[in-house]
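# Coordinate inspection notes
Spelled out from the first residue to the last, the chains are:
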Amino acid sequence: MANFIPQGTGYVSGPLGAGTIASNQPYVVNTDHATVATPFGIAVTKAKNIIAPAAKGTGVYGVTLNRNYIQSWDSRDVEQWDAKDEIPVMRSGAVTVQISADVKAGDPATVGANGVFKTAVSGDTVIGQFLDDGKFNTSSVSNTDFGQVSTAPVQLNLGAPYTIAG
């Protein structure tokens, strides 16, 4: 059995790190398996009981949460779950996600490439709403021992996704 090093608050200073629960409201988290390395705070799909990064806003199963430990000092710069790990996936609630562009509080949230979130535009499937502003690669970048990713909190709405008409 591996000896894990406690991570505490995830070495986060400033904005919440990717995959962090973003509010104290009730939430639902399931545990699932992935066959590939899966970053924290991205949208995933589920097929045949296996999760994988989502490619678009359709078919989103949930958002990967982060872990509260690191496996070794050598792994502390990798902000992801390894293949075959049991991964907590938020299905309902508010979670801090990785973003691929600037977002504003109240913007409809969807998923772009590699499960990373963005503001929904015409034709996109909306799966949530941004709860706060997020700046890509500037002020909302989480400074962690795991590297730097841009983040913003999203209230998930997986039970009632909708498409923005053109």
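As a reminder, the structure under discussion sits directly above these lines.
The sections below set out a description of the structure shown in this document. (Residues numbered from 1 in each chain as written. Predicted model: local features only at pLDDT ≥ 70, side-chain atom pairs only at ≥ 80, totals over all residues. Heavy atoms only, no water.)

### Some points on the overall build of the chain
Looking only at helices and strands, the chain has zero helices and 17 strands in total. Buried residues in the chain amount to 42% of all 166 residues. Across the chain, every contact between residues at least 6 apart in sequence was considered, and the portion connecting residues at least 24 apart equals 67%. When the accessible surface of the chain is totalled, it reaches about 8200 Å², and 52% of it is carbon and sulfur. (Helix = DSSP H or I, 4+ residues; strand = E, 2+ residues; numbered from the N terminus. Buried < 20%, exposed > 50% of the residue type's maximum accessible area, 1.4 Å probe, protein only. Contact = heavy atoms within 4.5 Å. Areas by Shrake-Rupley, 256 points an atom, 1.4 Å probe, with all protein chains shown as cover.)

### Quick look at the pattern of salt bridges
Throughout the structure, instances matching the rule amount to four salt bridges. One salt bridge connects Asp124 with Lys118, and the closest N-O pair in it is separated by 3.9 Å. Judged by its relative accessible area of 16%, Asp124 falls in the buried class. (Salt bridge = Lys/Arg side-chain N within 4 Å of Asp/Glu carboxyl O.)

### Notes on the side chain of Asp32
Within the secondary structure, Asp32 is located in strand β2 (residues 28-34). A polar atom in the side chain of Asp32 sits 2.8 Å from the side chain of Lys46. Beyond its immediate sequence surroundings of up to four residues, Asp32 is in contact with Lys46, Ile51, Tyr61, Asp85, Glu86, Ile87 and Val89. (Polar contact = N/O pair within 3.5 Å; in protein donor to acceptor, adjacent residues only side chain to side chain.)

### Details of the sheet that holds β2
Strand pairing in a sheet takes place through backbone hydrogen bonds and is either antiparallel or parallel in direction. If you walk around this closed barrel you meet the five strands as β2-β5-β4-β6-β9, and the pairing is mixed. Shown here is a sheet whose adjacent strand axes are inclined to one another by a mean of 55 degrees, direction ignored. In this structure, strand β4 (residues 43-47) lies alongside strand β6 (residues 62-64), joined through two bridges in antiparallel fashion. By the bridge assignment for β6, Val44 is matched with Gly62. (Pairing = 2+ DSSP bridges. Axes fitted to C-alpha atoms, helices over the stretch in contact; angles between N-to-C directions.)

### Observations concerning the packing of aromatic side chains
The full count for this structure, using the stated rule, is one aromatic pair. Relative to Trp81, the ring of Phe40 lies with its centre 5.7 Å away and its plane at 65 degrees, an arrangement referred to as edge-to-face. With Phe40 in the loop between β3 (38-39) and β4 and Trp81 in strand β8 (residues 80-81), the pair connects residues that are 41 residues apart, well separated along the chain. On the basis of relative accessibility, which here comes to 1%, the residue Phe40 falls in the buried class. The residue whose ring lies beneath Arg67 is Trp81, and the NZ or CZ to ring-centre distance is 4.7 Å. (Phe/Tyr/Trp six-rings, centres within 6.5 Å; stacked < 30°, edge-to-face > 60°. Lys NZ or Arg CZ within 6 Å of the ring centre and 35° of its normal.)

### A look at the nonpolar core
Val97, Phe117 and Phe130 are the most contacted members of the largest nonpolar core, which totals 19 residues. If you list the elements that add at least two residues to this core, you get β10 (94-98), β11 (108-111) and β16 (147-156). Counting residues per element, this core draws most heavily on β16, at three residues. Ranked by size, the runner-up nonpolar core spans twelve residues in total, among them Ile42, Ile87, Val89 and Val116. (Core = buried A, V, L, I, M, F, W, Y, C linked by side-chain atoms within 4.5 Å.)

### What about the pairing of β2?
Here six bridges tie β2 to strand β9 (residues 86-92), and the two strands are oriented antiparallel to one another. Paired with Val28 across the strands is Ser92, a residue of β9. Taken together, the two bridges between β2 and strand β5 (residues 50-53) define a ladder with parallel strand orientation. Paired with Ala34 across the bridge in β5 is Ile51.

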